[in-house]
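# Per-entry structural report
Okay, here's what each chain looks like letter by letter:
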Amino acid sequence: MIKWGLPLIGQRVYTRINRIGQRRQLMNEKFYALPEEKQSQILNAAYKVFATNQYKKAPTSEIAAEAGISKSLLFHYFHNKQELYLFLWKHAADLTKKYMRQYKVYETDDFFEILRRGLMAKCAVMRKYTFLSLFSINSYFETEPDIQSFIQPDVQDAAQTTLELLLSILNFDFIRKDIEFVRIYKEILYASEGMLKYWYRTGNYDVTAFEQEYLEMINHWETVYGKGTENDGKQL
């Protein structure tokens, strides 16, 4: 899954979704039998509609129309609305994990390099599925009980796992020692999510422009939070 500014890792999401998938046939073979282009068209439509609406108010008819298929055909691939939503959640987690490996996000001990690699991974995902990142963020705040009870524990588990991983691999010689790292981590996380939501609100989905602007923010954070003589003794 994605939580800006770091891709999150965690095992509970895969365990719980796979268990439900076995019970509800979440991984629908008929959907995977479609050409990859058609799969992407349906997923992009679903990510967009769920990302821009609360679960209860997200019309499956709009997803079908956006994907260029009938509503009955949509439910031929996914048995119901909840199954589709949880399928998207697992797909987002799997795809994020794939690109994290591809860009070797956590194969460095430099926190700011992790941010840069994470940015490349996330933008690669966004170029393929424009609304996946917004879907991932908004899913955590979903109020529908059946969705909330499933997703919130997964995000919290992944956030804790990611923080523990960072604390175990980072070389803190690259980071200011006069500010607690957890505080730096949270400030960057919150600022990143705000920046991403602002980008979506503009309606200009130029991922390359976003990538460049976010990279400038990472460089700024490195100046502010990185270890250097100009930061020694400063207090925020």
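Details of the structure are given in the entry above.
In this text, all values refer to a predicted model and were calculated from it rather than measured experimentally. (Residues numbered from 1 in each chain as written. Predicted model: local features only at pLDDT ≥ 70, side-chain atom pairs only at ≥ 80, totals over all residues. Heavy atoms only, no water.)

Another aspect to go through is unusual backbone geometry. Peptide bonds are trans in most cases, and residues, glycine excluded, mostly fall at negative phi. Of note in the backbone geometry, Lys 104 takes a positive phi value of approximately 50° without being a glycine. Secondary-structure assignment places Lys 104 in the loop between α6 (81-102) and α7 (111-128). Relative accessible area serves as the criterion here: at 45%, Lys 104 is assigned to the partly exposed category. (Helix = DSSP H or I, 4+ residues; strand = E, 2+ residues; numbered from the N terminus. Buried < 20%, exposed > 50% of the residue type's maximum accessible area, 1.4 Å probe, protein only.)

Moving on to helix α4 (residues 60-67). When α4 is considered as a whole, its buried residues turn out to be Thr 60, Ile 63, Ala 64 and Ala 67. The buried residues of α4 occupy one face: seen down the axis, they fall within an arc of 95°. Its buried side turned inward, α4 meets α3 (36-51), α5 (71-77) and α6. Residue Gly 68 follows α4 closely and has a positive phi angle near 75°. (Arc of directions from axis to C-beta. Contact = heavy atoms within 4.5 Å.)

Core analysis: the biggest nonpolar cluster contains 70 residues, and Ile 42, Tyr 47, Phe 50 and Phe 111 have the highest contact counts within it. Residues in contact with Ile 42, not counting those within four places in the same chain, are Phe 31, Leu 34, Ala 67, Ile 69, Leu 74, Tyr 77 and Phe 78. (Core = buried A, V, L, I, M, F, W, Y, C linked by side-chain atoms within 4.5 Å.)

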